[in-house]
Structure formats: C-alpha cells, structure tokens
Amino acid sequence: MQSIISLDEFIIQRQKDFPYATGELSGLLRDIGLASKIISREVNKAGLVDITGQIGTQNASGEAVQKLDVMADNLLIASLQNSGECCGIASEENNTYVPIEKSKNAKYVVLFDPLDGSSNIDVNISIGTIFAIYRRISDDGACQLEDFLQDGVEQVAAGYVLYGSSTMLIYTTGKGVNGFTLDPSIGEFCLSHPNIKIPQKGSIYSINQSAYPSFDRATQLFIDECMEAGHRFRYVGSMVADVHRTLIKGGIFAYPASQKAPEGKLRLLYECNPLSFVMEQAGGMASNGKERILELEATQLHQRCPIYMGSPDMVERILQLQQEQA
Ligand code: AHM
Ligand code: MG
C-alpha cells in the first residue's frame, strides 16, 4: 500500500525541526486544519441548502441561516477558542481583534480571512481561507493591538485552504511550503504537494484588467508587455485560487493601486502577508511595487496595500518598470 502522510502526522514530524517547540504551534495548525474541514463540508453543501442566503432568514427548522463567510468566521473562532494555544484572533470579518479570555496567557495570535472571494460562492467558483500566526509581543495577560500589527516577516506560520475542485491546505512555518489534499472518504488532509517551488519564470498574468485605464503607467506598460509576449491571462477573482495557480504554474498575480482604490483592495494582515510568506518560501517574490510586502509597517488591522506576487522574473520586471516610471 502506498504510504499516506496525513496533515496531523506531518505537523508532528515537523515539530522536531524546532528544537524548543512545545507543541502549541502544532496544536494551532491542527485546529485550523479541523475547522477548515468543517468549512469545506459546508461550502460543498452551499448549492443544496439555503446557506448562501442573507443573515436574518430562517431555515425549515426555524434556525437562523448564516451566510457562509459568517459561518466560517464563527467556526474558526470557536476552534481557536477551544484550542487553548491562542490568546487572541483578528479576522477580516470583524472590526477589531477578539481576545480569548480563557487562554489569555497563550503565546500566539492568529489572523485570518475566513472565506476569501466569498462573492464567488453563489456561482460555485473556488474560494479560500487564509491564515497567519504570530508570536505575541505583549506581556502575559489580555492580548494587545500591537500583537496583531507586526511585520509580515514575524509570521511563524501562514497558509491557506482552497475550496476548489478538491480542498487543499497549503502552509509554511518558514521551512518551505507543503500542500495537502483533503481525501473526503477518510476525512483527512493527505500530503500531496511536498516542498512546493514556484517556477522561476512565468508566462501567466492575473490582474483585473478591466481597471487598466486607472492603473499607474508602470502597471499599464507591464500589461502591454504581457500581451505582446503572448502570455496567458487568467483571473478567477478569488485571490486564493489565483495565487494557488500562480504558485503551481508560475506567473504573476497582481492587485495594484488604481485611481478608485489608491491602496488597492487586498488587506495586508489577512491576505497579503500570509500569502506573501508562502510565496517567498516557495521561491517567489511579493511586493507592493516598491517594497517587500513582508516588511511593510502595519498601523491598522484592516490596512490595504497594492500587491504584485509570483515568479521572480515577472515580479522583478514590474518593479523595474515602477522604478523607471517613478
Ligand atoms: P473579499 O475578501 O471581500 O472576498 O475580496 C477579496 C477578493 C479577492 O479574493 C480577489 O482577488 C479580489 O477580491 C477580486 O476583486 P475584483 O473583483 O476587484 O477584481
Ligand atoms: Mg478577502
């Protein structure tokens, strides 16, 4: 029989990479894995039961019907609250961070976008969960805002779950990137993509090209070059799906600044930092056009930033154009 390595087994094996690890980070990763299996199950049912509806409506049993993104948010919060290894969470769905009283002295905080690309649920297009884990910097006791506003380089682990034609969990703890595919028949994430490396040269570009007229000149020139070179254009409109394709097949994913959105759309803490950590660990690059995403200073929980990420040849080219046009 072919040997199967489950996510839980893999996490425990890898704990040995960290000589002073006490198992708390491993526990957190397992809890996120478990919550994402439940989210995956709910996402798969989305067309069958009325859970894509608005909050406030009721199902046949008289229970409140939740929108899937709220449900995913609640599931992750509940799972992390039970874990005992996390002193607070911050989510794209909530205005501010949530301290976890019963594990207020725990070492870690977790930030996440529970269901990214959720406007795609109704049309059965891939969506995802993105997460980032940091070691707290405040002293023991209730977590503080500063614990969440750390630079991306301080992430101890980050990753995403893609609810696509299959469900995959991809994560890094700063020692490479590994991918697991959910086998629904046994309910386990199984190692399917060990040590993912992005192709160093790309030929796919992924950007909301309809905003071309309002992009800066460097981005416009870059798009012109991609078209002249005959590069393929692919844009799902779910960042997790677009970044996942970029990671596996190479290319560039960009959500630049535009006249309408001078800081872009994507959130530094919940989307850009975790996916940039994965991207860099796979040998790719991630920049806002001037600076490395992972070194940007966070001043607000819901801060946005422009992003260009993917194969080094393509990201370096846009950086060169940005410099020339500055
Ligand atoms: P969301 O967090 O509200 O789901 O929005 C983020 C999504 C990303 O997944 C995706 O890359 C982007 O919005 C697409 O935006 P646009 O429709 O402007 O191209
Ligand atoms: Mg999002």
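If you're wondering where the values come from, they're calculated on a predicted model, not measured in any experiment.

Moving on to the sheet that holds strand S13 (residues 307-310). Strand order across the open sheet formed by five strands is S10-S9-S11-S13-S12, with mixed pairing between neighbours. Where the open sheet ends on each side, the last strands, each with one partner, are strand S10 (232-233) and strand S12 (285-287). As judged from the four bridges shared by strand S11 (residues 252-255) and S13, these two strands associate in the antiparallel manner. Bridging across to S13, Ala254 finds its partner in Tyr308. Sheet strands in contact with helix H7 (residues 268-281) are S12 and S13, and its direction is about 30° off that of S13.

A full pass over the atoms with the stated rule returns nine salt bridges. The partner of Glu42 in a salt bridge is Arg41, with the nearest N and O atoms 2.9 Å apart. Judged by its relative accessible area of 10%, Glu42 is buried. For the salt bridge of Arg292 with Glu280, the shortest nitrogen-to-oxygen distance reads 2.8 Å. Pair noted here: Arg292 is in the loop between S12 and S13 and Glu280 is in helix H7, with a separation of twelve residues, a long-range link. Judged by its relative accessible area of 32%, Arg292 falls in the partly exposed class. Where salt bridges share partners, they join Arg41, Glu42 and Lys45 into one cluster.

Let's shift gears to the domain arrangement of the protein. For the protein, the assigned domains read domain 1 (7-193) and domain 2 (204-325). Distance from the C-alpha centre of domain 1 to the C-alpha centre of domain 2: 24 Å. Every contact between the two is made by 45 residues of domain 1 and, on the other side, 30 residues of domain 2. Buried area between domain 1 and domain 2, summed over both chains or domains, comes out near 2,700 Å², and the portion from carbon and sulfur atoms is 66%. Of all residues in domain 1, Glu92, Leu149 and Tyr160 bury the most surface against domain 2, accounting for 21% of the area lost on that side.

With that out of the way, let us pick up the side chain of Asn120. The residue Asn120 is located in the loop between strand S3 (108-116) and strand S4 (127-135) in this model. Apart from residues lying up to four places away in sequence, Asn120 is in contact with Ile125, Ser126, Ile127, Val236, Gly237 and Ser238.

Orientation of helix H1 (residues 7-15) relative to helix H2 (residues 24-44), taken along the N-to-C sense of each, is 165°, at an axis distance of 10 Å. Comparing their axes, H2 and H1 come out roughly antiparallel. Regarding H1 and H2, the two cross each other, and that crossing is right-handed. Judged by residue contacts, Leu7, Asp8, Ile11, Ile12 and Gln15 of H1 engage Ser26, Leu29, Arg30 and Gly33 from H2. Among the residues making up the contact of H1 with H2, the classes are represented as four nonpolar, three polar and two charged.

Calculation notes
- Residues numbered from 1 in each chain as written.
- Chains lettered and ligands numbered in written order.
- Predicted model: local features only at pLDDT ≥ 70, side-chain atom pairs only at ≥ 80, totals over all residues.
- Heavy atoms only, no water.
- Pairing = 2+ DSSP bridges.
- Helix = DSSP H or I, 4+ residues; strand = E, 2+ residues; numbered from the N terminus.
- Contact = heavy atoms within 4.5 Å.
- Axes fitted to C-alpha atoms, helices over the stretch in contact; angles between N-to-C directions.
- Salt bridge = Lys/Arg side-chain N within 4 Å of Asp/Glu carboxyl O.
- Buried < 20%, exposed > 50% of the residue type's maximum accessible area, 1.4 Å probe, protein only.
- Domains from an automatic or database assignment.
- Buried area = accessible area lost by both parts, 1.4 Å probe.
- Parallel < 35°, antiparallel > 145°, perpendicular 65-115°, else oblique.
- Left-handed = near helix turned anticlockwise from the far one by under 90°.
- Nonpolar A, V, L, I, M, F, W, Y, C, P; charged D, E, K, R; others polar.

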